[in-house]
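Structural overview for review
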Amino acid sequence: MCPHLPPLFFFNPTLLLPVWPVCFFPPTLSEMKEKNPWHTPVTIIISVIGVIAIVALVTVAVLQNRPLPKKYKYGIVLDAGSSHTALYIYEWPAEKDNNTGRVQQKHSCKVKGPGISSYASAPLKAGESLRECMQEAKQWVPEKRHHETPLYLGATAGMRLLNMENSAASEKVFGAVEETLQKSPFSFQGARILSGQEEGAFGWVTVNYLDDRLKQGLETTGALDLGGASTQISFVSDQFDGSESLNNSVTFRLYGNDYNLYTHSFLCYGKDQALRLTLAHQTQSGPESILDPCFNTGYTSTRNYSVLYDSPCVSDRKPQNAPQTFTQQGVGNFQECQEVVKKIFNFTHCKYTRCSFNGVFQPLLQGPFGAFSAYYFVMNFLNLTDTSISLDTVKAKLERYCATPWSQVTQQHPDTKVKYLAEYCFSGTYILTLLTNGYNFTSETYSDIKFIKKIKGSDAGWTLGYMLNLTNMIPAEAPDTPPLPHAGYVSIVTVMALLLFILFIISLRPLWPRCSKQPQII
Ligand SMILES: O=P(O)(O)OP(=O)(O)OP(=O)(O)OC[C@H]1O[C@@H](n2cnc3c(O)ncnc32)[C@H](O)[C@@H]1O
């Protein structure tokens, strides 16, 4: 029995463990006060206030720094390409507007029908074609954000060609799409044609932003984009300072790092226009039929001369006195196809130290490359996206594909669009020729290329880079980062609070009870 000791937990100042004196009957309050000054009302009140203050301090620190429920902002970009239009919705946490690496693709919508440049003779239809995807966008962006969501339309090579050919028609098409977009609840920021240089540079920004290479100042990835009407190559090379060819130079300061980007866009060298160029070479004499090594054996198609030559890429070469149509008969031969394809490139004249083709300057290739759009669609279909296999093996596989009879190809791929299916032999051959003969990738450097469709859920392409630029979401200088992350801050506050509490308890030492019996540690 120990009536003089309190029936309360108290702290053993050395072990910081609660101890319980061996007592069976509680002493009376007067006994307690008499024998143990620790239990004076003042010390109890001070202890309680101390504990409450520390709990309040920690609670406030935790609540104050608790991550708030996420609010998002949105941006919409319409990619009006030569073959089709696609709508991309991006989202990012509202508080990270001017911060880093947080913009992601939330949704994409493929506009039904051809690209807007195909509506030159019925411009109103170009506007109408966008309606379905704009309706979809309204569902994906929360209504209260509609009015503040920027909406952009960027047109690429299809409209570049239409503008060259018939600028009045191009303006009418823009008028129609602008009318539709102005009627949307979003904040429409305008529709315009991107230059080839912008298309290349923004594709490079997208790839490196999504890979987190810009923020971290890592070695960048080059961008290879193959569209329907143009193709772009963009990369940073130590040997390129812009002096040899200013037209191919784009300089950026992003997150505190300077980049001198080499970029070039080849108009008419997208895969659809390249096919026209190849067919134009094969039909210079205006024949009634051609044997085409770039199409599978057994494939036959009747093509219209006027349709084939209805593009500024080939219109000046239209043969005189040609019949209305010609028959194209596939003979599926990769080697011969490559010879035909090579003819659309000019490798002879170059006024610079080095060129890719058509007299265009290109510095030495450097670093890894991401190849997207049609590069990916085609190589993925052909099962050739793995670049760790040798270039010779890639060619051998493509050779086998080209030699496959058309009947077998259609049987094996009943669900693939016939236009794409028929063109894969040509497209694969064109891609390999462009990469090796055109851009000078070798058997060794071919493995530096990665065929990609998406990076971390966002499509590779120029649209994200375009939006990041227009919304100033990539700062020129590295943003200031808080000295401590949230978890670190809360831990430090908690530890400091505990230390304060211990110091407070120790400071009350003169008031500690002297227990005559040895307390039993629980
Ligand atoms: O940049 P521009 O030159 O204006 O062209 P685009 O924007 O229309 O080009 P895309 O990247 O959308 O497509 C590139 C090409 O790939 C073709 N394509 C799309 N999907 C394909 C698939 O699954 N298989 C083969 N080709 C495909 C499409 O018809 C184009 O010729």
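Up top is the structure.
Structural notes, computed from the coordinates. Everything numeric here is computed off the predicted structure, so don't read it as measured data. (Residues numbered from 1 in each chain as written. Predicted model: local features only at pLDDT ≥ 70, side-chain atom pairs only at ≥ 80, totals over all residues. Heavy atoms only, no water.)

1. Looking at the pattern of salt bridges
A complete count under the given rule lists 15 salt bridges for this structure. With a shortest N-O distance of 3.6 Å, Asp211 and Arg213 are connected by a salt bridge. With a relative accessible area of 30%, Asp211 lands in the partly exposed category. You can call Arg213 partly exposed: its relative accessible area is 21%. Members of the salt-bridge network, linked through shared partners, are Lys271, Asp272, Lys419 and Glu423. (Salt bridge = Lys/Arg side-chain N within 4 Å of Asp/Glu carboxyl O. Buried < 20%, exposed > 50% of the residue type's maximum accessible area, 1.4 Å probe, protein only.)

2. A closer look at the site of the ligand
What surrounds the ligand is a group of 20 residues, the closest being Ser82, Ser83, Thr156, Ala229 and Tyr424. One of the side-chain nitrogen or oxygen atoms of His84 is found 3.2 Å away from an oxygen atom of the ligand. Ala229 is positioned with one of its backbone polar atoms (N or O) 2.8 Å from an oxygen atom of the ligand. With the chains in place, 89% of the 640 Å² that the ligand exposes on its own is no longer accessible. Broken down by secondary-structure element, the contributors of at least two residues to the shell around the ligand are helix 5 (157-165), helix 8 (271-282), helix 11 (374-381) and helix 14 (418-438). Residues that form the shell around the ligand fall into these classes: 7 nonpolar, 10 polar and 3 charged. (Near = heavy atom within 4 Å. Polar contact = N/O pair within 3.5 Å; in protein donor to acceptor, adjacent residues only side chain to side chain. Areas by Shrake-Rupley, 256 points an atom, 1.4 Å probe, with all protein chains shown as cover. Helix = DSSP H or I, 4+ residues; strand = E, 2+ residues; numbered from the N terminus. Nonpolar A, V, L, I, M, F, W, Y, C, P; charged D, E, K, R; others polar.)

3. Description of the sheet that holds strand 12 (residues 289-292)
Sheet strands associate in pairs through backbone hydrogen bonding, adopting either a parallel or an antiparallel arrangement. In space, the 3 strands of this open sheet follow the order 12-14-13, with mixed pairing throughout. If you trace the sheet from one side to the other, it starts and ends with strand 12 and strand 13 (300-304), each paired once. For this sheet, the mean inter-axis angle between neighbouring strands, taken without regard to orientation, is 25 degrees. Pairing geometry for strand 12 and strand 14 (residues 325-330), over 4 bridges, is parallel. Counted as the bridge partner of Asp292 is Gly330 from strand 14. Each of strand 12, strand 13 and strand 14 touches helix 8; the most contacted strand, strand 12, lies at about 120 degrees to it. (Pairing = 2+ DSSP bridges. Axes fitted to C-alpha atoms, helices over the stretch in contact; angles between N-to-C directions. Contact = heavy atoms within 4.5 Å.)

4. Digging into the environment of Leu226
Looking at the element boundaries, Leu226 is found in strand 8 (residues 222-226). Measuring from C-alpha to C-alpha, the distance between Leu226 and Ile389 comes to 22 Å, with 163 residues separating the pair along the chain. Leu226 has contacts with Thr231, Tyr269, Gly270, Lys271, Phe372, Ser373, Ala374, Tyr375, Tyr430, Ile431 and Leu434, leaving out every residue within four places of it along the chain.

5. What about the packing of aromatic side chains?
Both the distance between ring centres and the angle between the ring planes are used here to describe each pair of aromatic rings. A full pass over the atoms with the stated rule returns 29 aromatic pairs. Both rings, one in Tyr305 and one in Phe326, keep their centres 4.9 Å apart while their planes meet at 55 degrees; by these two values the pair is tilted. With Tyr305 in helix 9 (residues 305-308) and Phe326 in strand 14, the pair connects residues that are 21 residues apart, well separated along the chain. Its relative accessible area of 1% is what places Tyr305 among the buried residues. Accessibility expressed as a relative area gives 1% for Phe326, which makes it buried. Ring-pair connections join several aromatic residues into one group, and the members of that group are Phe266, Tyr269, Phe345, Phe347, Phe357, Phe426, Tyr430 and Tyr439. (Phe/Tyr/Trp six-rings, centres within 6.5 Å; stacked < 30°, edge-to-face > 60°.)

6. Considering a positive patch on the surface
Taken together, Lys70, Arg102, Lys215 and Lys456 make up a surface patch of like positive charges. Positionally, Lys70 belongs in the loop between helix 2 (41-65) and strand 3 (72-80). Relative accessible area serves as the criterion here: at 48%, Lys70 is assigned to the partly exposed category. (Patch = residues over 30% accessible without salt bridge, like charges linked within 9 Å, V, L, I, M, F, W, Y side chains within 5 Å. Lys, Arg positive; Asp, Glu negative; His and termini not counted. Charge placed at Lys NZ, Arg CZ, Asp CG, Glu CD.)

7. Remarks on the side chain of Thr404
Summarising the element assignment, Thr404 is placed in the loop between helix 12 (391-403) and helix 13 (406-412). Residue Thr404 is classed as buried on the basis of its relative accessible area, which comes to 14%. Apart from the residues within four sequence positions on either side, Thr404 is in contact with Asn296, Thr297 and Val409.

8. Notes on the sheet that holds strand 5 (residues 104-110)
Reading across from one edge, 5-4-3-6-7 is the order of the 5 strands in this open sheet, with mixed pairing throughout. The strands lining the two open edges of the sheet, one partner per strand, are strand 5 and strand 7 (187-193). Across the sheet, the axes of successive neighbouring strands diverge by a mean angle of 15 degrees, strand direction being ignored. The pairing of strand 4 (residues 85-93) with strand 5 spans 6 bridges and is antiparallel. Counterpart to Leu87 in the pairing with strand 5 is Cys109.

9. A closer look at the pairing of strand 14
Side-chain alternation along strand 14 places Phe326, Gln328 and Gly330 on a buried face and Thr325, Thr327 and Gln329 on a face that remains uncovered. Summarising the sheet, strand 13 and strand 14 pair through 5 bridges and their orientation is antiparallel. Of the residues in strand 14, the one forming a bridge with Arg303 is Phe326.

10. Quick look at the side chain of Gln362
Assignment of secondary structure puts Gln362 in the loop between helix 10 (334-342) and strand 15 (369-373). Here Gln362 falls in the buried class, since its relative accessible area comes to 2%. In this structure the side chain of Gln362 is engaged in a polar contact, spanning 2.9 Å, whose partner is the backbone oxygen of Tyr439.

11. Looking at the pairing of strand 10 (residues 249-254)
Inspection of the sheet shows strand 10 paired to strand 11 (residues 257-267) by 6 bridges, in the antiparallel sense. Across the sheet, residue Thr251 finds its bridge partner in strand 11, namely Asn260. Following strand 10, the chain reverses through 2 residues before pairing antiparallel with strand 11; Tyr255 in that reversal takes a positive phi of roughly 50 degrees.

12. A word on the nonpolar core
Residues Leu224, Tyr375, Tyr430, Leu435 and Tyr439 are the most contacted members of the largest nonpolar core, which totals 67 residues. Sorting elements by how many residues they give to this core places helix 14 first, with 10 residues. Not counting the four nearest positions on each side in its chain, Leu435 is found in contact with Leu224, Tyr375, Asn440, Phe441, Tyr446, Ile449 and Phe451. Of all hydrophobic cores here, the second largest spans 34 residues; its members include Leu194, Leu261, Tyr466 and Met473. (Core = buried A, V, L, I, M, F, W, Y, C linked by side-chain atoms within 4.5 Å.)

13. With respect to the packing of helix 7 (residues 196-210) against helix 15 (residues 462-470)
The geometry of a pair of packed helices is captured by two quantities: the angle between their axes and the separation between those axes. Contact geometry of helix 7 with helix 15 gives a least axis separation of 7 Å together with a crossing angle of 90 degrees. The angle between helix 7 and helix 15 falls in the class roughly perpendicular. Between helix 7 and helix 15, the contacting residues are Glu199, Phe202, Gly203, Val205, Thr206, Tyr209 and Leu210 on the first element and Trp462, Leu464, Gly465, Tyr466, Leu468 and Asn469 on the second. When the residues that make up the contact of helix 7 with helix 15 are grouped by side-chain class, the tally is 8 nonpolar, 4 polar and 1 charged. (Parallel < 35°, antiparallel > 145°, perpendicular 65-115°, else oblique.)

Without other data, these values stay purely geometric and don't point to any function.
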